[in-house]
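# An overview of the molecular structure
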Amino acid sequence: MDLRSLWQRMRRSASLPVDDAPGEIATPLRHGVARSLQELLDDSSVPPAVRQELAVDFARVATMLDKLQRDELHVAVFGRVSAGKSALGNALLGRQAFEVGVLHGTTTEAEPARLDEAASGGLVLIDTPGINELGGEAREALAVDVAQVSDLVIYVADGDLTRDELDALRTLAATQRPVLLALNKADRYADTEREALLAHLRSRTAGLVRPEDVIAVCALPVPLRVIDASGLESNLPQSPDVDTLRTRLLDIARRDGKALNAINAGLFAGRLADQVGQRIAISRRQLASRVIRQYCLAKGVAVALNPIPVADLLAAAGLDAAMVVQLSRVYGMPLTRAESGRLVATVSAQLIALMGAIWGMQLAASALKGLSGGLSVVVTGAAQGALAWYATVLIGRAAERYLVAGKSWGEHGPKRAVAEVVAGLDRDSILREAREEILRRLRRDPALP
Ligand SMILES: Nc1nc2c(ncn2[C@@H]2O[C@H](COP(=O)(O)OP(=O)(O)OP(=O)(O)O)[C@@H](O)[C@H]2O)c(=O)[nH]1
Ligand SMILES: [Mg+2]
């Protein structure tokens, strides 16, 4: 009996729908996950670039929910190059769905091959490229990706496991999917040898794979060479032997049934929410950096053209307040112009209190450092512009911190927060970059001295 009919029979015996009828777990989950993602897609305070990325995830969730609804069992085959992953996939499916090769690296991309009748419920096998030509990080990423789209994973080995393979197994096991270890090419071992190797593999993978899930298989045995009575040689094809593995697969599916899918969809949705949160944070931060830089440049160039006393730099707060209004929008916590003005005043007061007059002197020296003699108006202007730039960076970063914390300076108040922002930035490299950037802008303008 092929796996699909077994699967269907199993479903019938468990009184589960064999056709396309939506499952009882699927519906609420579908709505919950899809709705919260859709809300993020529609949220205008989420930067457009993030929303675009979300659309990709949304499609992925839709596929997963679809799968949930159809009650398919997605099984990924994973392992080293030439371990026989593709051959094992074919043996389980009972047809030549995947290309099998003697050359290394036959399968180069994860390719799902569906049973033709998968729409009425069934098994979907996912073949993957061999992991040993990948670096550690890529290997881990592939393992996580593969696990994400499968309900369970078969790790295929054709001998003892290397340290890298054990690492990959660990990554797979950490994804909470059931992992089976198939020792393929069993035809190459004598019975005692094979049993010894299985025992060894069970002990090496203890805690990662259940002992009963370490199974010997023969996906594509080499044909037997026979010599008949007249001395004529011929090759006798051997049939694959994957029955034990198949039975175990079905046992697990039967044991966990629909719950297996539901758990995976739940895990995926949870992880997705974390990832989405992180991505929004990163994207907001990038956007905020661009906003701050625009204001730094505007203010830096303006001050360079109209030098003002150093002490007045922090007081030139109009532009800074406009910047804070924009930053507050980036972080989805809009502030009014008046609120932004007050925020800038608070930060400036802290900066002045922190550093006072000495700060101004040191900064001026710092900004001018490295300039040769014959200071032209442009160069001294640029030094002052750089100071204005630096002050704007500090104000911008402090405002960001306040916004990210949900409009709060935290329990230690603005003094500590601003001091930490100052300590966390490399003053001299900001000044250097600012000066170079301002000079570049000024030189580009032919109307300037
Ligand atoms: N003796 C023996 N050889 C096998 C068996 N299964 C697969 N092979 C051979 O192993 C080689 C690799 O098989 P594939 O299925 O292409 O291996 P793969 O893991 O998919 O390899 P890549 O896609 O290149 O990573 C082929 O030459 C197969 O004939 C088996 O059970 N016994
Ligand atoms: Mg392959």
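Residues numbered from 1 in each chain as written. Chains lettered and ligands numbered in written order. Predicted model: local features only at pLDDT ≥ 70, side-chain atom pairs only at ≥ 80, totals over all residues. Heavy atoms only, no water.

For the rest of this paragraph, the subject is the overall build of the protein chain. Scanning the protein chain for helices and strands turns up 14 helices and eight strands. Considering the protein chain as a whole, with its 449 residues, one finds that 45% of them fall into the buried category. Excluding contacts between residues fewer than 6 apart, the proportion of contacts in the protein chain whose partners are at least 24 apart in sequence is 75%. When the accessible surface of the protein chain is totalled, it reaches about 22,000 Å², and 55% of it is carbon and sulfur. (Helix = DSSP H or I, 4+ residues; strand = E, 2+ residues; numbered from the N terminus. Buried < 20%, exposed > 50% of the residue type's maximum accessible area, 1.4 Å probe, protein only. Contact = heavy atoms within 4.5 Å. Areas by Shrake-Rupley, 256 points an atom, 1.4 Å probe, with all protein chains shown as cover.)

Time to look at the packing of aromatic side chains. Counted by the stated rule, this structure contains two aromatic pairs. Ring centres of Phe78 and Tyr155 lie 6.2 Å apart, and the angle between their planes is 55 degrees; this geometry places the pair in the tilted category. Pair noted here: Phe78 is in strand E1 (residues 72-79) and Tyr155 is in strand E4 (residues 152-157), with a separation of 77 residues, a long-range link. Each member of the pair, Phe78 as well as Tyr155, carries the same accessibility label: buried. (Phe/Tyr/Trp six-rings, centres within 6.5 Å; stacked < 30°, edge-to-face > 60°.)

This part is about the pairing of strand E8 (residues 233-236). Relative to E8, strand E7 (residues 224-227) runs antiparallel, the two being bridged by four bridges. From the neighbouring strand, Ile227 faces E8, where its bridge partner is Glu233. Here E7 hands over to E8 after five residues, with Gly231 in that stretch at a positive phi of 85 degrees. (Pairing = 2+ DSSP bridges.)

Counting residues in hydrophobic clusters, the biggest one holds 44 residues, and the most contacted among them are Leu327, Leu351 and Trp389. Looking at this core element by element, the count peaks at twelve residues for helix H12 (residues 377-404). Counting residues in hydrophobic clusters, the runner-up holds 25 residues, among them Ala143, Ala147, Ala157 and Leu197. (Core = buried A, V, L, I, M, F, W, Y, C linked by side-chain atoms within 4.5 Å.)

Bringing helix H6 (residues 163-174) into the picture now. The end-to-end C-alpha distance of H6 is 17 Å, a good match for the 16 Å that twelve residues give at a rise of 1.5 Å each. When H6 is considered as a whole, its buried residues turn out to be Glu165, Leu166, Ala168, Leu169, Thr171 and Leu172. Positioned one or two residues after H6, Gln176 has a phi angle of 75 degrees, which is positive. (Expected span 1.5 Å × (residues − 1).)

Before going further, it helps to spend a moment on the packing of helix H5 (residues 136-148) against H6. Taken N-terminus to C-terminus, the directions of H5 and H6 make an angle of 35 degrees; their axes are 9 Å apart at the nearest point. Crossing of H5 over H6 shows right-handed handedness. Across from Arg139, Glu140, Ala143, Val144 and Ala147 in H5, the residues of H6 making contact are Asp164, Thr171 and Leu172. By residue class, the composition of the contact of H5 with H6 is four nonpolar, one polar and three charged. (Axes fitted to C-alpha atoms, helices over the stretch in contact; angles between N-to-C directions. Left-handed = near helix turned anticlockwise from the far one by under 90°. Nonpolar A, V, L, I, M, F, W, Y, C, P; charged D, E, K, R; others polar.)

Attention now goes to the environment of Thr380. Within the secondary structure, Thr380 sits in helix H12. The partly exposed category is assigned to Thr380, whose relative accessible area is 35%.

So, about the side chain of Lys85. Structurally, Lys85 is set in helix H4 (residues 85-93). Buried and unpaired, Lys85 has Asp127 as its nearest opposite-charge partner, separated by 6.0 Å. Contact partners of Lys85, with chain neighbours within four places excluded, come to Val77, Phe78, Gly79, Arg80, Asp127, Thr128, Pro129, Gly130 and Val156. (Lys, Arg positive; Asp, Glu negative; His and termini not counted. Salt bridge = Lys/Arg side-chain N within 4 Å of Asp/Glu carboxyl O.)

We now examine the pattern of salt bridges. The final tally for this structure, using the stated rule, is 19 salt bridges. When the shortest N-O distance is used, the salt bridge between Glu437 and Arg440 registers 2.8 Å. Of this pair, Glu437 and Arg440 are both found in helix H14 (residues 427-444), three residues apart, which corresponds to roughly one turn of the helix. Arg440 gets classed as partly exposed once you look at its relative accessible area, which sits at 42%. The salt bridge involving Arg441 is made with Glu437; its shortest N-O contact spans 3.0 Å. Remark: Glu437 and Arg441 occur in helix H14; sequence separation between them is four residues, near one turn of the helix. Salt bridges sharing partners connect three or more residues here, namely Arg293, Glu433, Glu437, Arg440 and Arg441.

Structurally, Pro240 can be placed in the loop between E8 and helix H8 (243-305). Note: C-alpha distance between Pro240 and Asp187 (53 residues apart in sequence) is 9.6 Å. When sequence neighbours within four positions are dropped, the list of residues in contact with Pro240 reads Ala91, Cys218, Ala219 and Pro221.

A word on unusual backbone geometry. A positive phi is found at Lys185, a non-glycine position, where the angle reads about 65 degrees. The topology assignment puts Lys185 in the loop between strand E5 (179-183) and helix H7 (191-204). Owing to a relative accessible area of 21%, Lys185 belongs among the partly exposed residues under this scheme. Positive phi values are uncommon outside glycine, yet Lys407 reaches one of about 60 degrees. Mapped onto the elements of the fold, Lys407 is located in the loop between H12 and helix H13 (413-423). Residue classification places Lys407 among the partly exposed positions, given a relative accessible area of 33%.

Below, the discussion takes up H5. Along its 13 residues, H5 runs 18 Å from first to last C-alpha, staying within 8% of the 18 Å computed at 1.5 Å per residue. Those residues of H5 lying buried are Arg139, Leu142, Ala143, Val146, Ala147 and Gln148.

Below, the discussion takes up the confidence of the model for the protein chain. With 67% of its residues at a pLDDT of at least 70, the protein chain reaches an overall mean of 76. Mean pLDDT in the protein chain bottoms out at helix H1 (residues 3-13), which sits at 40, and peaks at strand E6 (residues 214-216), which reaches 97. Scored below 50 in pLDDT, residues 113-121 shows 29 contacts in the model against residues more than four places distant or in partner chains. (pLDDT = per-residue confidence, 0-100.)

Mapped onto the elements, Glu433 comes out in helix H14. Placed 47 residues apart in sequence, Glu433 and Ala386 show a C-alpha to C-alpha distance of 8.3 Å. Setting aside residues no more than four positions away along its own chain, Glu433 makes contact with Arg293 and Trp389.

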